[in-house]
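Geometric and topological summary
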Amino acid sequence: MATYARYIDDSPEIAAEFGPPPPASAFGGEAAAARPPRHAGGLPANPIANPAFVSSASLPHSTPAGAPKPDLASAASAPLPVEHGAPRPQAALIARVLYWAPLLAACIAALLIGFVGGIVFSAPNAAGPELGRRLGPASPLSASLSAAPAPAPASSRHYNPAAWAALSSGASNPSPGKSKLVPGAAAAGAAADAESMALLGQDSFSGMGAAHGAAADAMHVTEDGPAANAEQMFARALQNGHLGALGAAGPSAAPGDHFATGAAALSVPDASRLEELMRRLNAGSNGTAVALPQREHLAIKDDQGKLLPLAPKLKVCLMTADFWGLPTAGGTATAYGLLAGALEDDPNLEVTLLGVSKMLDKCAKGRKMQGALHPRVTYACLEERHFEPFVVTTQPYEQLSHATLAWLKENQHECQVLQVHEWGGVFADIVTYSHYRQFAPGLRISINPHGGHYWSTQGQLPRPTDIMSLRIDNGERATVELSDIVLSPTRYIASWLRQRGWKLPENRLPVPNMIADLDQAPTERAIKPVWRVAFFGRLEERKGIKLFVDAVERLPASVLNKPDFEAYFVGAESKIDQMLSSTWLKKNTKHWTWKTFIMANTPRDKALATISQDGILLVLASMIDNMPYVLAEASVMRIPLLIYDVGGVTEMIDPKLHSDIICGTPKGDELAPRMRDALLRGELGISALSPRVTTGKEQWQDWHHDFAVNQMAGAIEDDIATLELASAMDHEYETVNLDPSWTALHLFEEVCDAAQCSDTGCEHSDAAATVLLLPAAYSVINQSRIPELVQLLSIGELRGDSIGALTFGAEIPEYKNNGIKRTAFPTAPTWQIYEGEVEPWLMSDFCTEDVPVLMRRRHFCSSFAADARDFRTYNSWVLSLMLAQNRMNLHTFPEAPFRLNNWTAHGYQCVLDKTPDRMLDIQTAANLMTDDLLMRTAQLTPEYRPLVDFHTEYGSTQGYRGWRYGYVDASTRMDNTSVFYEFVWNPSPDNNQLADGKWTPGVDIEYPQIYRYILHPCVSWPGSPNMCGGLHTAAGNLRFDSFLTAENVVLMLIYEVFPKCGDGVDFSVILSPVGGGPVQYLHEADYELSDKPTRQRLHFYLDKLETGDVIDFTVYPRGQHDCDGALLLEAQIWEQDAYKG
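Structure report, in brief.

Basis of the calculations
Residues numbered from 1 in each chain as written. Predicted model: local features only at pLDDT ≥ 70, side-chain atom pairs only at ≥ 80, totals over all residues. Heavy atoms only, no water. Helix = DSSP H or I, 4+ residues; strand = E, 2+ residues; numbered from the N terminus. Buried < 20%, exposed > 50% of the residue type's maximum accessible area, 1.4 Å probe, protein only. Contact = heavy atoms within 4.5 Å. Disulfide = S-S within 2.5 Å. Phe/Tyr/Trp six-rings, centres within 6.5 Å; stacked < 30°, edge-to-face > 60°. Lys NZ or Arg CZ within 6 Å of the ring centre and 35° of its normal. Expected span 1.5 Å × (residues − 1). Arc of directions from axis to C-beta.

For the rest of this paragraph, the subject is the side chain of histidine 450. Tracing the backbone shows histidine 450 in the loop between strand E8 (444–447) and helix H15 (452–456). Accessibility expressed as a relative area gives 13% for histidine 450, which makes it buried. Apart from residues lying up to four places away in sequence, histidine 450 is in contact with Thr332, Ala335, Tyr336, His421, Glu422, Trp423, Trp455, Pro489, Ile493, Asn513 and Asn626.

Turning our attention to the state of the cysteines. Note: disulfide means a covalent bond formed between the sulfur atoms of two cysteine side chains. In total, this model carries 6 disulfides according to the counting rule given. Each sulfur of the disulfide joining cysteine 317 and cysteine 415 lies 2.0 Å from the other. When the S-S torsion is -80°, as for the bridge of cysteine 317 with cysteine 415, the disulfide is left-handed. Placement of cysteine 317 in strand E3 (residues 314–320) and of cysteine 415 in the loop between helix H13 (398–411) and strand E7 (417–420) is noted, with a sequence separation of 98 residues between them. The exposure classification of cysteine 317 matches that of cysteine 415, with both residues buried. Between the sulfur of cysteine 757 and that of cysteine 762 lies a disulfide, 2.1 Å long from S to S. Disulfide cysteine 757-cysteine 762: the torsion about the S-S bond is 120°, which places it as right-handed.

This part takes up the packing of aromatic side chains. Taken as a whole and judged by the stated rule, the model has 32 aromatic pairs. Ring centres 5.2 Å apart and planes at 20° place the aromatic pair tyrosine 967 and tyrosine 981 in the stacked group. Within this pair, whereas tyrosine 967 is found in strand E32 (residues 963–969), its partner tyrosine 981 is found in strand E33 (residues 981–982), the two being separated by 14 residues in sequence. Look at tyrosine 981 and you get partly exposed, because its relative accessible area is 31%. The positively charged end of arginine 973 is found above the aromatic ring belonging to tyrosine 1081, 3.9 Å away from the centroid. For lysine 998, the ring lying beneath its charged end belongs to tyrosine 1011, and the centroid distance is 4.8 Å.

What follows deals with unusual backbone geometry. Excluding glycine, residues mostly have negative phi values, and the peptide bonds linking residues are mostly trans. Here the residue pair glutamate 388 and proline 389 is connected by a cis peptide bond, since its omega of -5° sits within 30 degrees of zero. Mapped onto the elements of the fold, proline 389 is located in the loop between strand E5 (378–381) and strand E6 (390–391). Even without being glycine, aspartate 517 reaches a positive phi, approximately 60°. Residue placement: aspartate 517 occurs in the loop between strand E10 (508–510) and strand E11 (527–536). Owing to a relative accessible area of 45%, aspartate 517 belongs among the partly exposed residues under this scheme. Positive phi outside glycine occurs at asparagine 817, with the angle close to 50°. Mapped onto the secondary structure, asparagine 817 falls in the loop between strand E22 (803–812) and strand E23 (822–824). What makes asparagine 817 exposed here is its relative accessible area of 69%.

The terminal C-alpha atoms of helix H12 (residues 360–373) lie 20 Å apart, and with 14 residues this matches the ideal 20 Å at 1.5 Å per residue to within 8%. Along H12, the residues that are buried comprise Cys363, Gly366 and Gln370. Taken end-on, H12 shows its buried residues confined to a sector of 60°, consistent with a single buried face. Of the exposed residues in H12, the ones pointing more than 90 degrees away from its buried face are Asp361, Lys365, Lys368 and Ala372. Buried residues in H12 make contact with helix H11 (331–344), strand E4 (349–355) and E5.

These figures capture arrangement, not role.
Take a look at the structure:
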């Protein structure tokens, strides 16, 4: 039976101490308004009652000298979270006995140990038994304290040499206002205490509790007057070296770290609050690190197996960028549409589904359609205001990500748990915001991975390495790694992501996608007759259509010659070998003598009726899949089928019971024999879904009940404790204004050497623990906001993440003073701010490479290896590489606290969909990635390279690697007698970048030209005859003179035509064979005036390419040439065996 938790520390004594539990409205209602406010700038009296309190603007930051410090002690009156479900009196009585017995024993033990300690230890060494009292006689740290050890080695992770030196030097027994103990001893010892508790096996709660206890030790050991010095030493120990005790090991928990100092904004009364947090967060005080109040796990269902009611209801938000109503709606839309319906059926859940799209009209249509299907679900759409201010888009989903964050900030009161997908990185911003606990306490985001960009392209060789793909992948990876929960449709997809090196949260569970009509699913494999075959799925190669065609052709004549044998192709139109799939199928099946039906783009109801006909053997030949919905659909409809063993197929059906229909892997040769055997027998058993799939609805409902009762209260408490502890840490920072003339070594001296820091840390530094690396082109919009951003680093460290530095967005200069406010955010892997698209389909070439970075000084000094001399100047992307070497990441926080005053770079490298010119030599690459990694990569994943590659070989010299640049007379059709006029090279006057130079007929002749890989034709102006390099009209021409002879090659071409303001162009690809034979037009297309570009990818399969053959890529003008041209994105020649495009 499923179980859930309820707090057992709800006794009258606890209630009297903390006040009554809040009512159901405590999550934001009259109860919240009625409570008195906390100290100005501090936390509210009841953080749970005010979800808005987590706004970073409401949290205290570094306290100015003389100003009152935040009163954290008053937060002790905060009530514990409300339990869900009815309590059981007997369990509660037993629980209270179990609760108070250890407390009483702890008090007695503490008194006895303290008494004995006063006898055994002399007053100067009282700090030793004080720690021993906390750790217990069995603790190795307690034993070492009794022996008054010498300082530990500087490389030790868990022992602070300064602390042990101070402890062994002698100190008086703590007493308020009179202690002579060096404050550093108390703080360092307290930090050691916290770390030792973590070593004793406590979880993140116990580690945090130990740290709170350490704070209390520091508070009670003071010189005369306030405990300012003790607070500072506590903050040093807590922030700068002992955060490993506060959760999973993060950047600050690496071996060998020695850290800088900092002041904490704490006051003496805070000790009681910190001690209370210690009690709440499972730190013991009876001589052993024992978890005291534990949560009891209670059933979420009654004895009849029905879910117990939730009071109040749980608010669930589903968010998806693929939903019913969009013209491109696919499998993810189905998954979330059905999930909304399944959760709607539970009266304990309030469900909202947000359609994330810029097509607001389509979302409104989808909302209307889905509202009719599921009236209890609230359907929402983004609005225009959520896209303001305008965000420069560096990848297709970036604006959506920021708009979704704006929506959730407004509507977080409607969401206690969210279910979202990872693909596209659409939800990277809300996940980042949640990771830093900036939403209402307890709000959690669950990721439902569907594979992502690189999963969907894994069948391609070469793998996509364009800059857009890398940005999308980075967003998807961050979405998963920074999330709280992963509920994956299959175990397969979670394992696939982990295999790629993604870090998934510990809270993860496989929960299947919802399937429609599961009540009709068969439980046994009934036998059905089969005599004809059908391919079902998108008509594309990835779905295995070529494998299916091949398998049909290999069937024996005894099957193919039967009068009732037929073949069906049912699915959405796509492309195969750059032909429409229906055209390709007609071409490749025209010799078939049996009946063949090609049903492209058939309405869904007709398609399902076709494949459910009697005698159909359905073939699901997809080469890549996660949880194939069509398999479940076919099972429910009782259609016999064959399927490859891909993705989560064997999680959906038992492989032992379905060995006759699972056809191995797509690389094997089992499909044709299985198809032959079934058709010869004339029958095949249908598939029966596994219980894991058929109980999907129950699993989803159970999980949300378990979250409401088991997880949410702990999440709220965890968030409050994390924020409170982070607010008590050092928020001081130093701004390092980056001088463009500085070398990398100069910067290292400014940040590290001047602050007495080195690559091993900041052992004796009094400099600010945090630095803001601010490039000269930027200014801070609101200086008071920066300390609050520093607190994000503290929260990340408390949470044990791997983020070593944060960067942010910036307001960018207006384009031509048009009054439009825009912001831009740096993203991996380029870490640049771009001006981006400034007019419809017009891309700017202005950018700035350096961006503001906020990070701990110790992380900069330990990561930025200036002395290695691989990089002589500082750059943000270089810093990101060096952080990665130190197992840390640079990450973007979705906020724009800076203003970019001027652009610092321009040219081809600043076009946001182009890869910057940052080629690393092999030695530098080996230093960054290590030689063994490079060799392993080469061995495990051999890279297939083209024989010829235009972009790689593009240069400023005619004839290099066979490439020539020129033009031809556009007034006649090109043949082997056409004259080819060569261009001359004109380097860029502004920079040395190759792409910014131009190929033109002459220095003073502008058109025709090749500029940034764009072929521009030319038409002479009226009154200016023959201005096109001596011709009236000229076609821009890129020519390849073959220098190789190879059989069975593929010419691959990707190009984009954009006749925006001209009158259109014609584009052709022509092969002229050596020896003067007739030319072969491989491709001809004409393009009319259009408001957006047309991109095409072409493959030309050639039996042979000989030395001396000529291939021309030519753009012809019409009546004028304004704005007309063709961008050559790729032009490559491959061996057919290596090409998998």
